[in-house]
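Structural characterization, general
Take a look at the letters that make up each chain.
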Protein chains: 2
Amino acid sequence: MSATRRAQIIGTGLVGGSIGLALRRAGWHVTGRDLDPARSERAREVGAIDEIGSDVDAELVFIAAPVGAIAELAAAAIDAHPQAVVTDVGSVKGAISRAVHHPRFVGGHPMAGSEQDGIDGSRANLFDGAVWVLTPTSQVDPVAHARLHSAISELGADVVTLDPDSHDAIVAVISHVPHLTAATLMGLASERATDRAALLRLAAGGFRDMTRISAGHPGIWPDICAENRDAIVEVLDDLRSELGKVREIVAGADRGALLERLHAARAARLRLPGPAVRPVGLAELRIPIDDRPGQLAHVTTAATEHGVNIYDIEIAHSTEGERGTLIVVVDSSRAETLADILRSGGYGATVTDLQ
Amino acid sequence: MSATRRAQIIGTGLVGGSIGLALRRAGWHVTGRDLDPARSERAREVGAIDEIGSDVDAELVFIAAPVGAIAELAAAAIDAHPQAVVTDVGSVKGAISRAVHHPRFVGGHPMAGSEQDGIDGSRANLFDGAVWVLTPTSQVDPVAHARLHSAISELGADVVTLDPDSHDAIVAVISHVPHLTAATLMGLASERATDRAALLRLAAGGFRDMTRISAGHPGIWPDICAENRDAIVEVLDDLRSELGKVREIVAGADRGALLERLHAARAARLRLPGPAVRPVGLAELRIPIDDRPGQLAHVTTAATEHGVNIYDIEIAHSTEGERGTLIVVVDSSRAETLADILRSGGYGATVTDLQ
């Protein structure tokens with residue numbers, strides 16, 4: 001594209017600053033602001049933003065503020081930036097999605113960088129290979145959604161589409177409860193260490209790995225726990241129940257049951273996918289769609305559910321206006337799979353290998 | 001020393017092989033054997049042992065076998081190697097210490113390498129900077145204990161002395177229960193992932209760190225859980241109880257209590273000591289002792305409890321026979337501290353800075 005694209009960042013901490021650096025690396029003009037003027041000034045000094053202020057012509061607005069402040073900031077940004085797709089980077093998505101209803105708002109959550117803090121920790125490659133969740137609801141304008149998806153792919157991230165409540169249930173299991181558990185294990189060890197300097201000296205690699213996240217700043221957690229309370233409580237209950245079963249297995253010296261559990265966990269851990277690598281062969285799917293909200297989200301959610309990574313996305317409008325073509329770029333080895341899934345859902349889909 | 005020192009390794013897996021490599025690096029002649037002849041042959045091929053077999057003249061015997069097999073092998077080794085100090089590398093120490101009563105047996109536990117497996121993963125620097133626990137009981141001959149302590153320091157490890165039951169209580173907190181918890185978290189995530197390919201794709205750094213140890217081979221855990229059952233069950237009960245409190249805090253949206261817990265955990269995690277670095281300045285403490293069992297263990301345990309690292313140790317016998325001098329080398333900045341502690345316990349102690 002020839003004209004410089006313009007983005008706005010609201011909140012220039014670690015994540016906001018890294019988005020700015022990554023956008024500028026990709027050729028965007030970035031305006032930033034922060035409640036704390038010293039922080040936006042620092043963001044400009046480190047090159048995370050081009051200028052401080054509010055850009056009425058921004059195409060994209062990223063709200064990188066604490067979870068509890070996002071809904072209000074998003075509503076204001078939708079009004080202040082009339083051309084823009086507005087997104088956020090909060091760790092919980094259900095409440096925000098329910099609070100902000102607008103065709104130009106798509107919730108988001110980059111799964112990177114939560115353990116550090118501050119603009120000076122920001123870097124342009126923070127999102128390279130990281131998963132970035134988008135949680136479009138059915139009222140989102142598919143063109144706005146596609147534009148955001150494409151821009152985030154440009155930042156190096158792999159976009160995964162989920163509905164907001166599924167996102168929250170998943171992060172309770174793989175982020176929120178693990179964090180609370182790490183802190184609890186660290187607390188237990190520390191309590192027992194008061195009269196035994198030896199205990200913490202003995203803490204070897206495994207314990208260090210398990211408790212590393214508990215060294216993060218606690219400040220974000222009350223908001224997260226409040227916004228995702230139900231899912232977190234449910235997973236904590238499951239965890240306590242499972243640990244109760246482990247306790248009975250150990251107390252009863254049930255070697256078979258213990259081995260079964262550990263083997264299953266090992267197999268699952270070894271299956272944990274690594275960062276998505278952009279494959280050598282890419283293919284393009286062309287999917288005719290009405291210009292109605294929800295269709296793009298349906299396609300991208302289907303891709304996520306079937307483990308197909310979407311590397312880029314675009315909507316080509318027909319000259320007649322109402323209909324368009326959704327173009328998604330995927331690994332060529334998975335293109336026919338996704339096409340079949342979409343066809344079985346009533347969509348037309350054609351596949352072309354890209355050289 | 002001029003004459004080549006001789007060691008025996010029984011069990012040439014990852015830990016046994018690494019001990020062999022480290023001993024040979026330090027100039028020892030190492031003989032090894034394993035129940036599986038292919039494994040001892042491989043150990044010789046990779047240079048972990050000089051020869052296969054049993055060395056009746058060995059000064060040190062390392063038993064690097066599964067926890068459940070150690071007591072029997074140790075008893076046999078004490079008979080088969082009449083000059084040797086016999087030690088083991090098992091992860092649980094109480095039961096072994098109760099089963100093997102002998103002045104020449106000192107239980108041990110190097111806190112390194114448990115996640116990998118097999119002779120081909122062994123390396124000479126596995127113990128560099130790692131903590132190696134020794135658990136001498138009161139009937140151990142102090143000369144045997146000092147000889148072992150000194151040899152293990154030569155392998156690059158930092159020796160920490162604990163009584164066997166304290167060791168077991170500590171590893172329940174910092175190793176055994178964390179391992180079971182990692183496997184349980186991985187199991188929970190995996191169970192919920194069956195219909196959601198997205199879940200495991202979202203698993204970012206924190207979750208990967210927390211579950212890394214669950215990728216280890218499960219084979220060692222039934223023995224460990226059986227031998228350390230009571231301590232593990234106690235810690236699992238504590239963990240479940242603490243997670244119950246966290247659940248109530250989240251359910252009740254008690255921000256203050258949540259922050260308090262997370263801040264305490266963060267502070268403890270940041271205080272976690274790194275690997276001991278050999279300081280620039282060393283000092284020698286000379287402590288007159290009777291040649292009675294238990295005295296050396298008392299001194300080294302006191303050092304551990306007060307966080308003083310002993311870099312080397314030796315017993316110099318007086319010509320009269322019954323009395324001797326214990327010489328321990330410590331960080332010169334901590335030497336007076338340890339001397340004061342020992343003096344208050346009725347020992348004489350003189351400090352000399354080493355240049």
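From a predicted model like this one, the values you see are computed outputs, not experimental measurements.

1. As for the relation of the copies chain B and chain A
Its rotation angle being 180 degrees, the transformation that places chain B on chain A also includes 0.0 Å of axial translation and leaves an RMSD of 0.0 Å. Taken together, these values place the two copies in the relation of a two-fold axis. Within chain B, the C-alpha atom positioned nearest to the axis of rotation is that of Met210(B), 2.0 Å from it. Most of the interface of chain B is mirrored in chain A, where 100% of its interface residues again form contacts.

2. Observations regarding the interface of chain B and chain A
Counting residues at the interface gives 83 residues for chain B and 83 residues for chain A. Elements with a minimum of two residues in the side of chain B that touches chain A: strand 7 (131-135), helix 6 (164-192), helix 7 (197-202), helix 8 (205-211), helix 9 (221-227), helix 10 (229-251), helix 11 (255-271) and helix 12 (295-305) of chain B. Top contributing element to the side of chain B that touches chain A by residue count: helix 6 of chain B, with 18 residues. Across the side of chain B that touches chain A, the residue classes break down as 51 nonpolar, 14 polar and 18 charged.

3. Quick notes on the domain arrangement of chain A
It is common to report an interface's size as the accessible area lost on association of the parts. Residue and element names in this part refer to chain A. Domain assignment breaks chain A into domain 1 (6-161), domain 2 (167-271) and domain 3 (282-354). Centre-to-centre, using C-alpha coordinates, domain 1 lies 31 Å away from domain 2. Each partner contributes to the interface: domain 1 provides 14 residues, whereas domain 2 provides 11 residues. Mapped by element, the contributors of at least two residues to the side of domain 1 that touches domain 2 are helix 4 (94-99) and strand 7 (131-135). Classifying every residue of the side of domain 1 that touches domain 2 by side-chain character gives five nonpolar, six polar and three charged.

4. Brief notes about the packing of helix 6 (residues 164-192) of chain A against helix 6 of chain B
Direction vectors running N to C along helix 6 of chain A and helix 6 of chain B enclose 170 degrees, while the axes themselves pass 11 Å from each other. Comparing their axes, helix 6 of chain B and helix 6 of chain A come out roughly antiparallel. Listed contacts from helix 6 of chain B to Val173(A), Ile174(A), Pro178(A), Thr181(A), Leu185(A), Leu188(A), Ala189(A) and Arg192(A) of helix 6 of chain A are Val173(B), Ile174(B), Pro178(B), Thr181(B), Leu185(B), Leu188(B), Ala189(B) and Arg192(B). Class assignment for the residues of the contact of helix 6 of chain A with helix 6 of chain B results in 12 nonpolar, two polar and two charged.

5. What to know about helix 1 (residues 14-25) of chain A
Residues and elements named next belong to chain A. In this model helix 1 runs 16 Å from its N-terminal to its C-terminal C-alpha over 12 residues, within 8% of the 16 Å that 1.5 Å per residue would give. In terms of burial, helix 1 is largely enclosed, as 10 of its 12 residues are buried. Considered for burial, the residues of helix 1 that qualify are Leu 14, Val 15, Gly 16, Gly 17, Ser 18, Ile 19, Gly 20, Leu 21, Ala 22 and Leu 23. In this structure, the buried residues of helix 1 make contact with strand 1 (6-10), strand 2 (29-33), helix 2 (37-45), strand 4 (60-63) and strand 6 (105-110). Looking one or two residues beyond helix 1, the residue adopting positive phi is Gly 27, at roughly 100 degrees.

6. Concerning the packing of helix 5 (residues 142-154) of chain A against helix 12 (residues 295-305) of chain A
Angle between the axes and distance between the axes: these two values describe a pair of packed helices. Residue and element names in this part refer to chain A. Where helix 5 contacts helix 12, the axes come no closer than 8 Å and their chain directions differ by 40 degrees. Looking at the two axes, helix 5 sits oblique to helix 12. Contact with helix 5, carried on its side by Pro 142, His 145, Ala 146 and His 149, involves Gln 295, Leu 296, Ala 297 and Thr 300 of helix 12 and no other residues of that element.

Definitions and limits used
Residues numbered from 1 in each chain as written. Chains lettered and ligands numbered in written order. Predicted model: local features only at pLDDT ≥ 70, side-chain atom pairs only at ≥ 80, totals over all residues. Least-squares fit on C-alpha atoms with pLDDT ≥ 70 in both. Contact = placed C-beta atoms within 7 Å. Helix = DSSP H or I, 4+ residues; strand = E, 2+ residues; numbered from the N terminus. Nonpolar A, V, L, I, M, F, W, Y, C, P; charged D, E, K, R; others polar. Domains from an automatic or database assignment. Axes fitted to C-alpha atoms, helices over the stretch in contact; angles between N-to-C directions. Parallel < 35°, antiparallel > 145°, perpendicular 65-115°, else oblique. Expected span 1.5 Å × (residues − 1). Buried ≥ 20, exposed ≤ 12 C-beta atoms within 10 Å, placed from the backbone.

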